[in-house]
Structures are given as structure tokens and as C-alpha cells.
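Working through the structure, step by step
Each chain is listed here by its residues.
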Amino acid sequence: MQYRKDVDGLRAVAVLPVILYHAGISAFSGGYVGVDIFFVISGYLITGIISAEMSEGTFTVSNFYVRRIKRIFPALYFMMLVTIILSGFLLLPEHFRNFGKSVAATVFFSSNFFFWKQSGYFDAAAETKPLLHTWSLGVEEQFYIIFPLFLLWLYKKRHNIKLAVAAVFVCSLALSIFLTYRKPEMSFYLLPTRAWELMLGTMLSLGVFRRAESRALNDILSVAGIAMIAFSVALFNAATPFPGYSALLPCTGAALLIYAGEKSIMGRILSFRPLVFIGLLSYALYLWHWTFIAFRNYYSNITGDAFFMSNWFIIAVTFLFAVLSYYFVEHPIRRRKFPVPSKLFKASAAVMLLFTAIGTVIYKTDGMPFRMPESVSVVTDAPGSTYRNTDCYYRDPMKAKIDNLCRMGDKKGKPTFIVWGDSHALSLTDGMNKFAAENGTTGVFAGKSSCPPLRLVRILINDVPTNCRQFNDIIYKEVAADNDIKNVFLVGRWEVYSGKPTLGNDAGSEMRLDDGITKDVIENNNLKVFEEGLVRTVGSLERAGKNVYFVMDVPEVPYDVPSEMGKIEYFRRVFPALTSFVNSGLPYSHYQQRNENVFKVLEKVKQKTNVKVVNVQDVLCRNGECRLTEGGKSLYADDDHLSVFGSEYVVGSSKTILDAMLK
């Protein structure tokens, strides 16, 4: 197949937006489409090589795989080796353990399946996984395994190859469009929904589209092609449904540039030496850029020298390693002859086995925790509530009777108080249990995930209704009818129920409250429903003779607290003179802003009821800052739930209001 400089230039157009997008430069919010351009190029080049050899009668499967191994393996495994070393030095055990699994998945060309099952490509958690970008290699490698055999079969059977490829293109595109709106992660990561992009390049190579002889037309098509790519890069973002219809734009743009040829106006520009040079490095650049960006993202809450955390430094290091990788690893091995393919296959198998073993050891040893100072393990070992079990939390609402609820304190006594709410109520149970045990009293816990203790209020998560209302109706009737229970603690993620967006692990989820009365007055107004629901709940409980305590929520943090505090502790121990740190606390102003609606509602509720407010935030927040650790231990189990230690600390430090309850 004749070499085309403009195609290498197109590779540069593909890889640069990917790097700049991953670096977080907003002008390249759709830079991820560079991967789709690569797919079109791969389909075009691979088909051209295979079809030419088949026509000449020189094609063999073994020679094809020899070329693929020489092209893919050297740079990939060099990158993986360096990444394993850096990960062993930088990742906390829980993340290093997961990294070990991703190593094994990458070895077996299945990292796209691995990351599909873990999270979405645009999720915040994905931004810190050093091998995330190998998902696209998984797609290509699976294509390389299947496609040559498919093409060879068509050739030998003398079937209409163009028609067969076009049929695959149509079916794959239809599947991609269908799944993008129903199972977007699946559509993003898997070969069946990406095959049409490769087939588009294949159809170009097979001559499905008749060549345009007009130079002016080719110039117009090439300009249109680059415009489509530029539009996609500049205007697409993480919210754009992708691939589906959206991917047609950059892929068609790439196809038009290839179709127009190197003599078109854009073909001549893409043939400029600097672009061709970047195109030659594109594979290495793609491999290396994400490794360094992921580590930078991993420590994004720790600030060292601004230059070393900057995009320019990351990009410069990426180019440095890409050049070294290309000239000293990739290029020499690609030029080397292997007259006996079996030797290369055996060597490749040995390397694959070695890296699989490394990944397995990392995973089986739970991320090799012995790498870290003991103080790091202390702060990262922050388990959530011991009451998070089937009997206490994941229960059938119809079985939520007082006698069936899990008890706190004296397990044999009659309950005198109840902690009622969602998972934030759950995170207080260990502290309440310890307090009740120390004071010889008994309480029960009634909780359901994302279910605020508000009577007659329906909860919808991403417009999907839950059975919270049914659960709360049962709990209310049980509590109202039980004369022994005098004190009711209402606990919930109030800031979200009052209209603030979710943070941390739940970022992006939409929670909506409605009821049969308020909804008719103000459609989808969480704040109004929250206020009316709280007045209704407190009033009903007080009329039933209960003392009602409204427990303010603990500060929510926009990141996983144990992990981030562990990273800070690690750097303090290992690089005390090289790094400065963001404050390991949270500004109190953040808490105030997140809870401004709650404070306003409480003022109105207190005018209508005798509700008592438990300000647990006063335990954690002093002098303008909210603490996340105490004595080297994390107060949180994640980003918004207290750890067992945190629960006991907060409740133990709130004894004034709890002592009043006992009296």
C-alpha cells in the first residue's frame, strides 16, 4: 500500500485534541473524538494492506500478526512497565489493587470490557486510572483478531466484499445509535458499537466510494472534513451522547480527508513535516499522555510546584517519553526481521504471561499495603457503619416493624428513641449505639437509602420513583403507636433534599421530591416540598406525644476523604520538603452555602413546631474550617458518610443535647 504523508498528518490531528482534552483544556472539550479518527484511519490502513496482499496471493495470518505485534507490543509494554513502577510508588493500596486487575485486562486485549464494567469514561473516578486509555487498544486488538479472518473468508468464498463490509457498517451504526441512548457505557466501550467507524475506513480502502476526479471538489471535501473535526472538538463535551449519531461528524470528517487525498488543499497541509512527525509519534503520544495526566489527577488535591502540575509540563514529558519510546523501543523492533514467526509469538506470550503475573500479584496482595507508612493505613482504614447489613438497612418495607428494627444500646430494653432517615442516619448509628450503651438506654434504627424521613413525600431519583413513601408511612405509624418511644431523631442528606446538587460519588444524580398537595402548587420545587413535608412530619410526631430532634447533616466533601487524606499523609512522610498541601480541612463557607436552604426552612419550621435542632456541624466546624480527620483517623468513610470512628466522635461530642434527651 502506498505511503501517504497526509494520513500521518491526520494522526496528528487525532492525537493532539485527545491530549489537550485529557489535560482539561476547555477549548478542546470534544477532543475525545480523536480516538474515533484513529479508528477510521486504522480501518483504512489495515484493509489496504490486507486486500493488497490477498490480491497478490501473499497474505498469511501469521505475517499479519507479526506486523501487529511489532507495531503494538513494544511501546505498549514499555509504557506498562513504567506505569507499574510509578503506580507502585504513588497509588494507595485500594487503587493499586484495582490497577493490578487493569494490567491483566490490558494484556488480554479486554480492558474495554474491564473499564466498561467499572464506570463511565467521563466519570470523575475514571480520571485517575492510569490504564484507562487502553480501552481503545482493546477495541482495535479485537478488531485485528476478527477482521482479517472475516476478510479472508469473504475473499476465498468470492462473496461481495464491499457489500458485506457495508452491511457490517450499517448494523454496527444502528446498534451504536440504539445503545447510546439506552446503555451509553456499553455503546462507548465495545467493539460491536465501534466497528462501523473501522468499517468506514475499510470502505474507503476498498473503493466503495468512487473517486472524485475534480481537484476543486476534493479541496472542498477536505475543508469540509477538517471543519467537521474542528466542530466536534470544540463543541462536543462530556454531556454529548456518544458515540451514536454524534460520532458520525468526526468520523465523516476523517473519511472526507482520506478520500480527498494528499493533493487536496488540506491534504497538502496535513503533509507538512511537523504534522507528519507528530503523526509518526501519535501511537506513543497516545500511550504516554494519559499515564502522566492520570497521576496528576490522582493528586489533584495536593499542590506541589505549580510548574510540575501544569499542563505544559505534562505535555512536555509526554513528548519526551514518546520520542524515547519511538526511537529506542518501537522503531528498532518494527525494523527487525523475524524470519521464524513462532519465535516472536513465543516471546510475546512470555511477556504477556509475565505482566499477567505482575497484575495478579498486585491484586492478590490487596495492592501491597506494606509499601505505605503505617500512618497512611490508619487514615485510609475508615469503614462505614456496622449497621449497613440486610437486617438493619436493606430490608423489605413491609417488615419495618419496631420489633424487627435493629437496636442500639441495651439490646434487651424497650426502645425509648429512634433514629429515622437515610444513609446519613445509618452513619450515625454506631455513635448512637455507643452512647446508648454507656447510658443504659435503648434505641432503634429505621433507614432506607436516599429516603428522607418526610411523611407523604415521594422521592424520584433520575425520574425513577422509589418506595420511600410506603416505608415512611409504616415507620410513622409504628412510632406514633409506640408509647415507649419518646424521642425521634430525623436524619438525612438535607442539603440535597432542599435543592442542592449532589456531590462526590453521586455527582450527576438528580433527586426530586413531590407530594399530592405541594406538587400541584409548584411543580418540581424540592425546597417547597421539603418545607411542607418537614412541617407535616414534625407536627404529626409532636401530636403523637414525641420529642422531635432535627439532626443537621455533616459537611459533604467533594472527594473521597479517606483516600485524599491518605495521599496527603503519604506525601507528608515521603516528600516533606518537596510538596505543600491544600488545607486538609473544608472551609465552613462551603458548608454554609450547601445548607443555606436548610437553615431558611428550619427557621420557618421552628415557628410552627417545637422541633429541637442538633447542630452536629458545630462538633466538626470551628474557626471557619470543618475538620475531616481527628488524631490521624478519618472522620468519614467516603465523601459524605461518617466512618464508625467519626460517628462515635460526633455523637460523643454532642452530649449536651443527648443528655437532655435522657432527662
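Let me sum up the structure you'll find in this document. (Residues numbered from 1 in each chain as written. Predicted model: local features only at pLDDT ≥ 70, side-chain atom pairs only at ≥ 80, totals over all residues. Heavy atoms only, no water.)

**Here's the deal with a nonpolar patch on the surface**
Side chains of F277, L320, L324, Y327 and F328 sit close together on the surface and give an oily, nonpolar patch of about 510 Å² of accessible area. Sort the elements by how many residues they give to the nonpolar patch and helix α15 (residues 311-335) lands first, with four residues. Accessibility expressed as a relative area gives 34% for F277, which makes it partly exposed. (Patch = residues over 30% accessible without salt bridge, like charges linked within 9 Å, V, L, I, M, F, W, Y side chains within 5 Å. Areas by Shrake-Rupley, 256 points an atom, 1.4 Å probe, with all protein chains shown as cover. Salt bridge = Lys/Arg side-chain N within 4 Å of Asp/Glu carboxyl O. Helix = DSSP H or I, 4+ residues; strand = E, 2+ residues; numbered from the N terminus. Buried < 20%, exposed > 50% of the residue type's maximum accessible area, 1.4 Å probe, protein only.)

**Overview of helix α11 (residues 244-260)**
Compared with an ideal rise of 1.5 Å per residue, which puts 17 residues at 24 Å, α11 spans 25 Å between its outermost C-alpha atoms and is within 8% of the ideal. Within α11, 13 of the 17 residues are buried, which leaves the element mostly enclosed by the surrounding structure. Two residues or fewer past α11, G261 is found with a positive phi of approximately 90°. (Expected span 1.5 Å × (residues − 1).)

**Observations concerning the nonpolar core**
In summary, soluble globular proteins display a tendency toward joint burial of nonpolar side chains. Membership of the largest hydrophobic core comes to 123 residues, with the highest contact counts inside it found for L10, L76 and M80. Setting aside residues up to four positions removed in sequence, L76 forms contacts with T106, L137, E141, Y283 and L287. In this structure, V419, I475, Y497 and Y649 belong to the second largest nonpolar core, which totals 80 residues. (Core = buried A, V, L, I, M, F, W, Y, C linked by side-chain atoms within 4.5 Å. Contact = heavy atoms within 4.5 Å.)

**A look at the environment of L173**
Locating L173 in the fold gives a position in helix α7 (residues 161-180). Spatially, the C-alpha atoms of L173 and M54 are 27 Å apart, while their sequence positions differ by 119 residues. Setting aside residues up to four positions removed in sequence, L173 forms contacts with W196 and L248.

**As for the packing of helix α2 (residues 34-56) against helix α3 (residues 61-90)**
Two elements in contact, α2 and α3, have axes whose closest approach is 12 Å; the angle formed by their N-to-C orientations is 150°. Looking at the two axes, α2 sits roughly antiparallel to α3. The element α2 and its partner α3 pack so that their crossing is right-handed. On α3, the residues touching I46, I49, I50 and E53 of α2 are F64, R67 and R68. A per-class count over the contact of α2 with α3 returns four nonpolar, no polar and three charged. (Axes fitted to C-alpha atoms, helices over the stretch in contact; angles between N-to-C directions. Parallel < 35°, antiparallel > 145°, perpendicular 65-115°, else oblique. Left-handed = near helix turned anticlockwise from the far one by under 90°. Nonpolar A, V, L, I, M, F, W, Y, C, P; charged D, E, K, R; others polar.)

**Focus on empty space enclosed by the protein**
Evaluated as defined, the whole model comprises two cavities of 30 Å³ or more. Volume-wise, the largest cavity comes out at about 90 Å³. Forming the boundary of the largest cavity are V419, L428, M432, F489, V491, V551, V614, V616, V650, V651, S654 and L658. Where the lining of the largest cavity is concerned, the elements lending two or more residues are β6 (487-491) and α28 (644-652). Class assignment of the residues belonging to the lining of the largest cavity gives a composition of 11 nonpolar, one polar and no charged. Estimated volume of the second largest cavity: approximately 60 Å³. (1 Å grid on protein atoms, 1.4 Å probe; cavity = no way out; pocket = protein on both sides within 12 Å on 5 of 7 lines; lining within 4 Å. Points joined across faces, edges and corners; volume = space filled by probe spheres on them.)

**Considerations on the sheet that holds strand β5 (residues 464-465)**
Strand order across the open sheet formed by three strands is β5-β4-β7, with antiparallel pairing between neighbours. Each of the sheet's edge strands pairs with one partner strand only, and the pair in question is β5 and β7 (511-514). As defined by bridge partners, strand β4 (residues 458-461) adjoins β5 across two bridges and the pair is classed as antiparallel. Residue I461 lies in a different strand from β5, and its bridge partner there is V464. (Pairing = 2+ DSSP bridges.)

**Section: the side chain of D430**
If you trace the backbone, D430 turns up in helix α19 (residues 429-438). For the buried D430, which has no salt bridge, the nearest side chain bearing the opposite charge is R388, at an N-O separation of 8.9 Å. Setting aside residues no more than four positions away along its own chain, D430 makes contact with S385, T386, Y387, V644, S647 and E648. (Lys, Arg positive; Asp, Glu negative; His and termini not counted.)

**Looking at the pattern of salt bridges**
By the definition in use, this model includes 21 salt bridges. Residue E53 is joined to R67 by a salt bridge in which the shortest nitrogen-to-oxygen separation is 3.1 Å. Of this pair, E53 sits in helix α2 while R67 sits in helix α3, and the two are 14 residues apart along the sequence. Residue E53 is classed as buried on the basis of its relative accessible area, which comes to 16%.

**Overview of the sheet that holds strand β2 (residues 417-421)**
Pairing in this open sheet of six strands is mixed, and the strands run β1-β3-β2-β6-β8-β10 from one edge to the other. A strand with exactly one partner marks an edge of an open sheet, and here the two such strands are β1 (406-409) and β10 (612-614). Neighbouring strand axes in the sheet, compared pairwise and without regard to direction, differ in orientation by 25° on average. With three bridges connecting them, strand β8 (residues 547-551) and β10 associate as parallel partners.

**Looking at unusual backbone geometry**
Of note, the bond from F242 into P243 is cis; its omega dihedral lies within 30 degrees of zero at 10°. Tracing the backbone through its elements, the reader meets P243 in the loop between α10 (215-235) and α11. Phi at M368 is positive, roughly 50°, even though this residue is not glycine. Assignment of secondary structure puts M368 in the loop between α16 (341-364) and α17 (374-380). Its identity is not glycine, yet L456 carries a phi of approximately 60°, on the positive side. Along the chain, L456 falls in the loop between β3 (442-447) and β4. Take L456: its relative accessible area is 28%, and that puts it in the partly exposed class.

**So, the pairing of β7**
What you see with β7 is no split at all: M511 and L513 on one side and R512 and D514 on the other are buried throughout. Bridging between β4 and β7 involves four bridges; their strand directions are antiparallel. Bridge pairing links R458 to D514 in β7.

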